[in-house]
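Read off the chains here:
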Amino acid sequence: MSGFTTRRALFVLPDGITYLDGNSLGPLPRAAAERARATVADEWGPLLITGWNKAGWMDLPRKLGDRIGKLIGAPEGSTVVGDTLSIKVYQALASALELRPERRVVLSDSGNFPTDLYMAKGLLDSLGKGHELKVVDPEAVADAIDESVAAIMLTQVDYRTGRLHDMKALTEKAHAHGALAIWDLAHSAGALPVDLTGCDADFAVGCTYKYLNGGPGAPAFIFVRPDLVDQVRPALSGWLGHAAPFAFDLDYRPGDGISRMRVGTPPVIQMAVLDAALDAFEGVDMADLRARSIELSEQFIAEVEAACRDVTLASPRDPAHRGSQVSFRHPEGYAVMQALIARGIIGDFRAPDIIRFGFCPLYNTAEEVSRAAAAIGEIVATGEWDRPEFRTRKAVT
Ligand SMILES: *Cc1c(COP(=O)(O)O)cnc(C)c1O
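Residues numbered from 1 in each chain as written. Predicted model: local features only at pLDDT ≥ 70, side-chain atom pairs only at ≥ 80, totals over all residues. Heavy atoms only, no water.

Caption draft 1: Summary view of the packing of helix α12 (residues 333–342) against helix α13 (residues 366–382). One can describe the packing of α12 onto α13 by two numbers: an axis separation of 10 Å at closest approach and a directional angle of 125°. As summarised for this structure, α12 and α13 are arranged oblique, according to the angle between their axes. Note on packing geometry: the crossing formed by α12 with α13 is right-handed. Side by side, α12 and α13 meet where Val 336, Ala 339 and Leu 340 of the first sit next to Ala 372, Ala 375, Ile 376, Ile 379 and Val 380 of the second. A breakdown of the residues in the contact of α12 with α13 according to their chemical character gives eight nonpolar, no polar and no charged. (Axes fitted to C-alpha atoms, helices over the stretch in contact; angles between N-to-C directions. Helix = DSSP H or I, 4+ residues; strand = E, 2+ residues; numbered from the N terminus. Parallel < 35°, antiparallel > 145°, perpendicular 65-115°, else oblique. Left-handed = near helix turned anticlockwise from the far one by under 90°. Contact = heavy atoms within 4.5 Å. Nonpolar A, V, L, I, M, F, W, Y, C, P; charged D, E, K, R; others polar.)

Have a look at this one:
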């Protein structure tokens, strides 16, 4: 047992629900509900447009960037919040490519989340300079890094299998070959200790609605290495990334440091909610959280495998090579997950056959893990999943 104490009481977790999907959408922190109310009623209502100054709305992107920075090993002033992760991927890649103008290859892997690959391909096509998006197996990334690569663009934790890349080793290898390293921390931030400085990462991006519990559609973040940021030209040169937005110059001049990665008006209510959500991490030692996450996921694997022979582990068995999620394969995975959800156990399904469970030590408990494992065993053993209502696909899986 690690020294980790659950902070479950900080979250709204409906009775009868075992929530193992905080890797996809974190639950509502009680403080966030109150902050949303207060931002609307005490700020927007009475302050009207003066809220931008009086309530510090305009500083939220930097303030939140610094709070997230603490969880990912980024120094103060190197991270900013805004837009969606797809946009932040585009920004990071566009800037990286300009820093390596003579190179034409972007290296990624087949475990990356599709939007990262789609955004990269879209950008490369728009540039029209003959860039290539090279997508290899996750295990083949290291060997594919050579002098043609402008940037590696990888998601540290595979959204399907939970496989964890060695960020430090791959970044080192990229640098040894003159390439830059862009890391997507969508399934890392708030889930495990990340040390961007120690890994010497050049760019990092991530979302805040998964393990950081910022709520549906919460804004993303971007980090740029401090000694690189002033060479970076923002491809999305919005007015709030300008050196002096309220000078209303006709020409663009990038702002100092990470501010240049801002684009347009921040979503203030959503950012206020995120600010309150991040309070749940105050005083949390990420090493303790990681130890607890490993305990929960090891317990889950052992209990599922004991209860059920008809699922196969899709995640790495070694916890050192896994993020904070565990996935199993079952040929009828979609229906199995629907049957679990009907019993109040919420994970999710990723095509073609993966059932996925996220473990968030802030609120998940050993009892929940046992309940979920036992339910999987029963549902698979009895064929409870084999009903028409469980086989009908919904839009969001
Ligand atoms: C969740 C996730 C996204 C989602 O991008 P949005 O723009 O926020 O919809 C992108 N990339 C990765 C790796 C993800 O896990």
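Caption draft 2: The sheet that holds strand β5 (residues 105–109), seen in detail. On the basis of which strands lie adjacent, the open sheet formed by seven strands has the order β4-β10-β9-β8-β7-β5-β6 and mixed pairing. For this open sheet the edge positions go to β4 (79–82) and β6 (132–136), each flanked by a neighbour on one side alone. Strand-to-strand, the axes of this sheet are offset by a mean angle of 20°, without reference to chain direction. Two strands pair when backbone bridges link them, and strand β8 (residues 180–184) and strand β9 (residues 203–206) are joined in this way by three bridges, in the parallel orientation. Bridge pairing in β9 places Asp 184 opposite Val 205. Sitting on the sheet, helix α4 (residues 85–99) touches β4, β5, β7 (149–155), β8, β9 and β10 (220–224), and the angle it makes with β9 is about 170°. (Pairing = 2+ DSSP bridges.)

Caption draft 3: Expanded view of the side chain of Asn 364. If you trace the backbone, Asn 364 turns up in the loop between β15 (354–358) and α13. Classification of Asn 364 as buried rests on a relative accessible area of 2%. Polar side-chain contacts of Asn 364 include one of 2.9 Å to the backbone oxygen of Tyr 19. In contact with Asn 364, not counting residues within four places along its chain, are Tyr 19, Leu 20, Leu 296, Gly 358 and Phe 359. (Buried < 20%, exposed > 50% of the residue type's maximum accessible area, 1.4 Å probe, protein only. Polar contact = N/O pair within 3.5 Å; in protein donor to acceptor, adjacent residues only side chain to side chain.)

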